[in-house]
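# Per-entry structural report
Residues per chain are reported as follows:
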Amino acid sequence: KKLGWAVVGLGKFATQQIIPSFAECKRSKLVALVSSDRTKAKRYAQQYGVNPKNIYNYQNYDSIRDNPEVDVIYVILPNGLHAEYSIRGAQAGKHIMCEKPMANTVEECQAMINAAKKSDRKLMIAYRSQYEPYNLTAIWIAQSGKLGKLKAIASDHGRNLDLKDPADRWRANKKLAGGGSLYDIGIYSLQAARYITGEEPQEISAMMYSTPGDPRFREVEENVNFVLRFPSGVLANCTSSYGYSDTKRIQVFGSDATLELDPATDYYQHRLTIKRKNGNEEQNIEEKNQFALEIDHLSESIMQNKQPKTPGEEGLQDVRLMQLIYEAARTGKTIKV
Ligand code: NAD
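The rules behind each value
- Residues numbered from 1 in each chain as written.
- Predicted model: local features only at pLDDT ≥ 70, side-chain atom pairs only at ≥ 80, totals over all residues.
- Heavy atoms only, no water.
- 1 Å grid on protein atoms, 1.4 Å probe; cavity = no way out; pocket = protein on both sides within 12 Å on 5 of 7 lines; lining within 4 Å.
- Points joined across faces, edges and corners; volume = space filled by probe spheres on them.
- Nonpolar A, V, L, I, M, F, W, Y, C, P; charged D, E, K, R; others polar.
- Helix = DSSP H or I, 4+ residues; strand = E, 2+ residues; numbered from the N terminus.
- Expected span 1.5 Å × (residues − 1).
- Buried < 20%, exposed > 50% of the residue type's maximum accessible area, 1.4 Å probe, protein only.
- Contact = heavy atoms within 4.5 Å.
- Polar contact = N/O pair within 3.5 Å; in protein donor to acceptor, adjacent residues only side chain to side chain.
- Domains from an automatic or database assignment.
- Pairing = 2+ DSSP bridges.
- Near = heavy atom within 4 Å.
- Areas by Shrake-Rupley, 256 points an atom, 1.4 Å probe, with all protein chains shown as cover.
- Sits in = over half its atoms within 2 Å of the grid points.
- Buried area = accessible area lost by both parts, 1.4 Å probe.
- Salt bridge = Lys/Arg side-chain N within 4 Å of Asp/Glu carboxyl O.

### Things to note about empty space enclosed by the protein
On inspection of all chains with the given rule, the structure shows one cavity of 30 Å³ or more. Considering only enclosed or pocket space, the largest cavity measures out at about 40 Å³ in volume. Taken together, Tyr 127, Arg 128, Ser 129, Ile 187, Tyr 188 and Gln 191 make up the full set of residues lining the largest cavity. For the lining of the largest cavity, the residue count by class is three nonpolar, two polar and one charged.

### Observations regarding helix 9 (residues 290-303)
Compared with an ideal rise of 1.5 Å per residue, which puts 14 residues at 20 Å, helix 9 spans 20 Å between its outermost C-alpha atoms and is within 8% of the ideal. Taken across its 14 residues, helix 9 has 10 buried, putting it largely inside the fold. The complete set of buried residues in helix 9 reads Gln 290, Phe 291, Ala 292, Glu 294, Ile 295, Asp 296, Leu 298, Ser 299, Ser 301 and Ile 302. Looking at the buried side of helix 9, the elements it contacts are strand 1 (3-8), helix 1 (12-21), strand 2 (28-34), strand 4 (72-75), strand 5 (95-98) and strand 6 (123-125). One side-chain oxygen at the N-terminal end of helix 9 lies 2.8 Å from the backbone nitrogen of Phe 291; it belongs to Asn 289. Looking at the residues trailing helix 9, positive phi occurs at Asn 305, about 50°.

### Considering the layout of surface pockets
A volume near 970 Å³ is recorded for the largest pocket. Lining the largest pocket are 39 residues, with Lys 12, Phe 13, Ala 167, Trp 170 and Arg 171 sitting closest to its centre. Among the residues making up the lining of the largest pocket, the classes are represented as 15 nonpolar, 10 polar and 14 charged. Two domains each donate at least three residues to the lining of the largest pocket, and these are domain 1 (3-128 + 291-310) and domain 2 (133-287). For the second largest pocket, the calculated volume is near 260 Å³. For the second largest pocket, the lining is made up of 15 residues, of which Ala 116, Arg 121, Lys 122, Leu 123 and Gln 307 are closest to its centre. Listing elements by their share of the lining of the second largest pocket, those giving two or more residues are helix 4 (106-118) and helix 10 (312-331). The leading source of residues in the lining of the second largest pocket is helix 4, at three residues. Of the residues assigned to the lining of the second largest pocket, the class counts are six nonpolar, four polar and five charged.

### Structural notes on the pairing of strand 10 (residues 235-241)
For strand 10, the buried fraction is high: five of the seven residues fall into the buried class. Where strand 7 (residues 150-158) lies against strand 10, seven bridges are found, and the strand directions are parallel. Following the sheet pairing, Ala 154 is matched in strand 10 by Asn 237. Sheet topology note: the strand 9 (residues 223-229)/strand 10 ladder contains seven bridges and is antiparallel. Residue pairing in the sheet places Arg 229 in a bridge with Leu 235 of strand 10.

### What about the sheet that holds strand 2?
The six strands lie next to each other as 3-2-1-4-5-6, forming an open sheet whose pairing is parallel. Among the strands making up the open sheet, the edge pair consists of strand 3 (55-56) and strand 6. Relative to strand 6, strand 5 runs parallel, the two being bridged by three bridges. The residue bridging Met 97 from the neighbouring strand is Met 124, located in strand 6.

### Focus: the site of the ligand
As a matter of local geometry, the ligand sits amid 21 residues, with Lys 12, Asn 79, His 82, Arg 128 and Trp 170 nearest to it. Residue Leu 77 places a main-chain N or O atom 3.1 Å away from an oxygen atom belonging to the ligand. The side chain of Arg 171 places a nitrogen or oxygen atom 3.0 Å from an oxygen atom of the ligand. Burial of the ligand by the protein amounts to 80% of the accessible area it has alone, namely 840 Å². Cavity membership is defined here by more than half of the atoms lying within 2 Å of grid points; on that basis the ligand lies in the largest pocket.

### Some remarks on the domain arrangement of the chain
Domain assignment breaks the chain into domain 1 (3-128 + 291-310) and domain 2 (133-287). On a C-alpha basis, the centres of domain 1 and domain 2 stand 26 Å from each other. Of the residues lining the interface, 16 residues belong to domain 1; the matching set on domain 2 comes to 19 residues. When domain 1 packs against domain 2, close to 1400 Å² is buried across both sides, 53% of that on carbon and sulfur atoms. Taken together, domain 1 and domain 2 are joined by two salt bridges. A salt bridge links Lys 100 to Asp 184; the nearest nitrogen and oxygen atoms lie 3.6 Å apart. The tally of links from domain 1 across to domain 2 stands at 11 residue pairs in polar contact (both at pLDDT 80 or more). Residue assignment for the side of domain 1 that touches domain 2 shows that the elements contributing at least two residues are helix 1 and helix 9. Sorting elements by how many residues they give to the side of domain 1 that touches domain 2 places helix 1 first, with three residues.

What follows is the structure, encoded as structure tokens:
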């Protein structure tokens, strides 16, 4: 059996990665589209076999409640719209998958969790790396003691924001993006530090800098470097940037060996190396479509009535920590979580 999914927002990520990935899903099928552009929606509906009667816009979105073909709504809108469309979706009686970052504020995240609870629906945040085989292997290696005792993590995530790309324009707008590079891509560095250790940070320090006069950074930040201290003693050094060229890297330093994932959180073609004094060892892991895996994970969680692995609370925790990272950078003080 497959559950029916509706995709809200037909932007770059939805149309290039998510919608094509339904072909590889075992428990999920695309049955509805929500877009302000009917012509575009019709084109995708035809291409992916979606019944044109299941095309909605942002005005009649709530009437999706009357469509029994739709079990799950996947919100792939600019960050500032995640809360509204997830809450309306839950109120329409549908389960919700929401893109990262969950929402702009802690309050919005909490309202989303409450709405899903009230409607007795599942809410999952689309943290694809937590379903991706290379990252899962890295977590297993780090936590199994194969690197010795974990001492430090370095994680760097950044890219060069390009205002010529429509998908990057709203990212420079604080109201639509919630924050700058940290909310968009630095969140992967934060996630990596949390899922590699399996712990929550106890202390945070940070520094933030944006190139003066750069029109991209009038409202949102360019660079944030932050340090997290975990209960086991692991220190994570993380960077986040909208200025440096494409980087998606995780390094884990243990007393016996170092693990390097680079690229770590790309869509495809990851690379995992264990480095020891006597040489490097590359791990060959079968690549799988992480989008199909995460989509099916929510469908299976619904079918088995289980909490998904990355529920709303996981998204809320990151938003809470990112706000503390900003506070640490603003005040120059180390913050106890
Ligand atoms: P995008 O701009 O290409 O897509 C956003 C869509 O929302 C567009 O189709 C746009 O028309 C629509 N939209 C509706 N109301 C809008 C408004 N008021 N202003 C602007 N656009 C509006 O962006 P994207 O890169 O596809 O990102 C969409 C979401 O997906 C974001 O939350 C982003 O963080 C997330 N994302 C996740 C990943 C991942 O790997 N998990 C990758 C890329 C993007």
